Amino acid sequence: MMTAPMSFGRVCRLSLLSIGALVFLAPYIFMISTAGKGQSEIFSATLSLIPQQWAYVANFTKAFSRVSMGNLLWNGVLVCGIILVLQVIIAVPCAYAMAKLQFRGARIMMSLVMLGLLIPIHATALPLYVAFDKLSMLNSYTALVAPFSISVFAIFLFLQFFRAMPDDLIHAARLDGMSEAGIVARVIVPNAWPSVTAFAIFSVVAHWNDLFWPLIVITNQGYATPPLGLLFFRAAEAGDDYGALMAATLIITLPLVIVFLLAQKRFVEGITMTGLKG
Amino acid sequence: MADAVLTMSPVETAGRREARTAWLLASPAILLMLLFIVLPTIAVIVLGFTDFELGYGSFRFVGLENYHELMSDRTFRKSLWNTTVYTAIVTPVSIALGLGIALLIESEPRGRSFFRTVYFLPVASLLVAMATVWQYLFHPSIGPLNTFLALFGIPGPNWLGASSIVLYGLSIIGIWQSVGFNMVLFLAGLTAIPRELYSAAEVDGAKSSLDRFRLVTWPMLGPTTLFVTTISVINSVKVFETVKTLTEGGPNKASEMLLFTIYQEGFVYLKVGYASAMTVVFLAILVVLMALQYWFLDRKVHYT
């Protein structure tokens, strides 16, 4: 890359961006630093970032012993995974039918989808909670996953993509004797892969971070997802043991951040695509 | 059935078969939409007219009583007000910062992907976890922020513990968390602006970068800005994680926000009927916001 000469304007821009970046990174820097500090050092309130006595081992041991971190992360992966698979399996055929097949319900379905886009889980949570309670299904993976099995946003996003696909592709597949289900699986999905990955990123970020619904249906630590588990950990932690707390925070934040750093181009594209169309 | 099919023209049967396949493919989605979106939404509206409480067997319809009570409920009014203040702070600041950072990154060839990554990082981080970190940063006596301020002789406030400050504390976290999202959308919007427009503006006498921004960038970003604004407002209205994790609505209800109040009434005190009425108010706010967006979209942002 050619380097342009450093003008005054560029110096200003770069400094602004760098100072801002430092502010935005500060929480991460202090998280990593404090996770390695002992109790007394934290309470001496210094701004030094390097721990005087390394307490990483002690803090991480505490974090792992109070709440089963492995279990939390596994629950998070499991719940996000099942939700994503269900959402895609259910939304793709529906979006295909609405985009490429002639049937009378298509217009009503479109208004249903638009209506659904407006209604977040926070609005439907009360009746759903009562229903799960009556069915004795609180504290289960089913309760965590079921309300999100349908994503109208997925239908909406895939619909845009499928509409833009050439009809000839589908006609050719039909002439080859493929069934409609086969067309969806072998023609539509492979061609719509960018929209599926974009949606996957959107969905996983949303459900990995969600606290509201898990907080409502889960009281048993065994089913806790990462955000809820961290709440349990905070409740179990007497006083201000910030060292252990930062260690726990670090463990729970790291997986998604690593995925983001590894696939950041995809990530940003995905968020942009889903953001702009949502 | 078979006879009917035989008497129809081939085109008609094909059409029928297509419609049947379509229904079949869409049926799981339709069923689940009814079950998890339509029915619960109707139920929440109906429950809003009842005195239903979880744990009690019977309930009765009380008409608009819940809504009457809401109007004089000081917690709920406080909660609505706090949510409004929070939204009024977080939305404009996070949009302005998002746009500013996007413009800086766009005009600077060096370190683009690095800066984009850094500013976007909070969006990809677990909010409950990062809120915990912010709690430490904000700690009145041992927190790095107040320690830093003390270096300059400024006595730092109790960011999350003083009722006059707590909304600002939460707003700072909200802004930090959402700037990256807005920035990414603005970056996408900026890339979509044709370069020729800038040269054309220059020919027309737009010499300074401020002129170019006013004449080209800002109008061309119209649709993006509208969209970012809607999303930001809706996300601010839905603030919950930080409130639940850090303040539980306190101190002295100074950080009661809409979703937290609904959560508290409905899922902690189990007053389902009353909380449903609150939820209906929440839904009405979302509907109004979306309607406003469509209205603006219709009249304001057509730039062609």
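None of the values given here were measured: they were computed from a predicted structure.

Enquirer: So what's going on with the overall build of chain B? Residues and values would help.
Expert: Along the backbone of chain B there are 14 helices and zero strands. In terms of C-alpha radius of gyration, chain B reaches 26 Å, well past the compact-globule figure of 19 Å for 304 residues. Dimensions of chain B, computed from C-alpha atoms along their principal axes, come out at roughly 90 × 65 × 35 Å. Among the 304 residues that make up chain B, the fraction classed as buried is 40%.

Enquirer: Report on the overall build of chain A, specifying residues and quantitative values.
Expert: Counting secondary structure elements, chain A contains 15 helices and zero strands. What you see for chain A is a C-alpha radius of gyration of 24 Å, clearly larger than the 19 Å of a compact globule of 278 residues, by over 25%. Burial statistics for chain A: of 278 residues in total, 42% are counted as buried. If you take every contact in chain A between residues at least 6 apart in sequence, the share linking residues at least 24 apart comes to 74%.

Enquirer: Explain the interface of chain B and chain A to me, using residue names and the numbers behind them.
Expert: Taken together, the contacts link 75 residues of chain B with 78 residues of chain A. Here the element with the most residues in the side of chain B that touches chain A is helix α2 (residues 10-47) of chain B; it accounts for 19 residues. Among the residues making up the side of chain B that touches chain A, the classes are represented as 55 nonpolar, 13 polar and seven charged.

Enquirer: An account of the packing of helix α13 (residues 226-236) of chain A against helix α6 (residues 127-137) of chain B is requested, with residue identities and associated values reported.
Expert: Close contact between α13 of chain A and α6 of chain B brings their axes to 8 Å; oriented N to C, the two are set at 35°. On α6 of chain B, the residues that touch Pro227, Leu230, Leu231 and Arg234 of chain A of α13 of chain A are Val128, Ala129 and Thr132 of chain B. The residue inventory of the contact of α13 of chain A with α6 of chain B, partitioned by class, reads five nonpolar, one polar and one charged.

Enquirer: Give me the nonpolar core: which residues, what numbers.
Expert: Formed by 160 residues in total, the largest nonpolar core has its most connected members in Cys94, Ala95, Ile155 and Phe158 of chain A. By residue number, the principal contributor to this core is helix α4 (residues 69-100) of chain A, which donates 14 residues. Those residues in contact with cysteine 94 of chain A that lie beyond four places of it in its chain are Ile155 of chain A together with Leu25, Ala26 and Ala29 of chain B.

Enquirer: Break down the packing of helix α6 (residues 121-134) of chain A against helix α14 (residues 272-299) of chain B for me, citing the residues and quoting the values.
Expert: Two numbers describe a pair of packed helices, the interaxial angle and the distance between the axes. Between α6 of chain A and α14 of chain B, whose axes approach to 8 Å, the crossing angle comes to 155°. Classed by the angle they form, the pair α6 of chain A and α14 of chain B counts as roughly antiparallel. The crossing of α6 of chain A and α14 of chain B is left-handed. Taking contact as the criterion, the partners of His122, Ala123, Leu126 and Val130 of chain A in α6 of chain A are, on α14 of chain B, Val272, Ala275, Ser276, Thr279, Phe282 and Leu283 of chain B. In terms of residue class, the contact of α6 of chain A with α14 of chain B is built from seven nonpolar, three polar and no charged.

Enquirer: Explain the domain arrangement of chain A to me, using residue names and the numbers behind them.
Expert: All names here are of chain A. Segmenting chain A into domains produces domain 1 (26-42 + 50-66 + 237-272) and domain 2 (78-223). Look at where the C-alpha atoms of domain 1 and domain 2 centre, and you get two points 33 Å apart. Contact with domain 1, which involves six residues of that partner, is made by five residues of domain 2. The dominant element in the side of domain 1 that touches domain 2, judged by the number of residues it contributes, is helix α15 (residues 264-277), at five residues.

Enquirer: Describe unusual backbone geometry, and please don't skip the residues or the numbers.
Expert: Residue and element names in this part refer to chain B. The backbone phi angle of glutamate 248 is positive, close to 50°, even though this residue is not glycine. Its location among the elements puts glutamate 248 in the loop between α12 (241-247) and α13 (258-268). Here glutamate 248 falls in the exposed class, since 12 other C-beta atoms lie within 10 Å of it. Even without being a glycine, lysine 253 presents a positive backbone phi close to 60°.

Enquirer: Tell me about the environment of lysine 62 of chain A, and please be specific about residues and values.
Expert: Residue and element names in this part refer to chain A. Note on placement: lysine 62 falls in helix α3 (residues 56-66). Spatially, the C-alpha atoms of lysine 62 and leucine 159 are 48 Å apart, while their sequence positions differ by 97 residues. When near neighbours in sequence (up to four residues on either side) are disregarded, lysine 62 contacts Ala244 and Ala247.

Enquirer: Can you tell me about the environment of tyrosine 28 of chain A, naming the residues and giving the values?
Expert: With respect to the helices and strands, the residue tyrosine 28 of chain A is situated in helix α1 (residues 8-34). Exposure remark for tyrosine 28 of chain A: the 18 C-beta atoms within 10 Å place this residue in the partly exposed category.

Enquirer: So, the environment of serine 232 of chain B: which residues are in play, and what are the values?
Expert: Residues and elements named next belong to chain B. Looking at the secondary structure, you find serine 232 in helix α11 (residues 222-237). Serine 232 sits in the buried class, given 24 other C-beta atoms within 10 Å. For the pair serine 232 and valine 179, spaced 53 residues apart in sequence, the C-alpha to C-alpha distance is 9.6 Å. Once you skip the residues sitting within four places of it in the chain, serine 232 turns out to touch Thr91, Ser94, Ile95, Ser178 and Asn182.

Enquirer: Could you give me a rundown of the confidence of the model for chain B, with the residues and numbers involved?
Expert: When pLDDT drops low, the exact placement of atoms in the prediction is not to be read closely. Residue and element names in this part refer to chain B. Of the residues in chain B, 94% have a pLDDT of 70 or more, and the chain-wide mean is 88. Of the regions scoring below 50 in pLDDT, residues 1-5 engages in one contact with residues more than four places distant in sequence or in other chains. Model confidence for the complex is summarised by a pTM of 0.88, with the ipTM given as 0.86.

Cut-offs applied
- Residues numbered from 1 in each chain as written.
- Chains lettered and ligands numbered in written order.
- Predicted model: local features only at pLDDT ≥ 70, side-chain atom pairs only at ≥ 80, totals over all residues.
- Helix = DSSP H or I, 4+ residues; strand = E, 2+ residues; numbered from the N terminus.
- Rg over C-alpha atoms; globule rule 2.2 N^0.38 Å.
- Buried ≥ 20, exposed ≤ 12 C-beta atoms within 10 Å, placed from the backbone.
- Contact = placed C-beta atoms within 7 Å.
- Nonpolar A, V, L, I, M, F, W, Y, C, P; charged D, E, K, R; others polar.
- Axes fitted to C-alpha atoms, helices over the stretch in contact; angles between N-to-C directions.
- Core = buried A, V, L, I, M, F, W, Y, C linked by C-beta atoms within 7 Å.
- Parallel < 35°, antiparallel > 145°, perpendicular 65-115°, else oblique.
- Left-handed = near helix turned anticlockwise from the far one by under 90°.
- Domains from an automatic or database assignment.
- pLDDT = per-residue confidence, 0-100.

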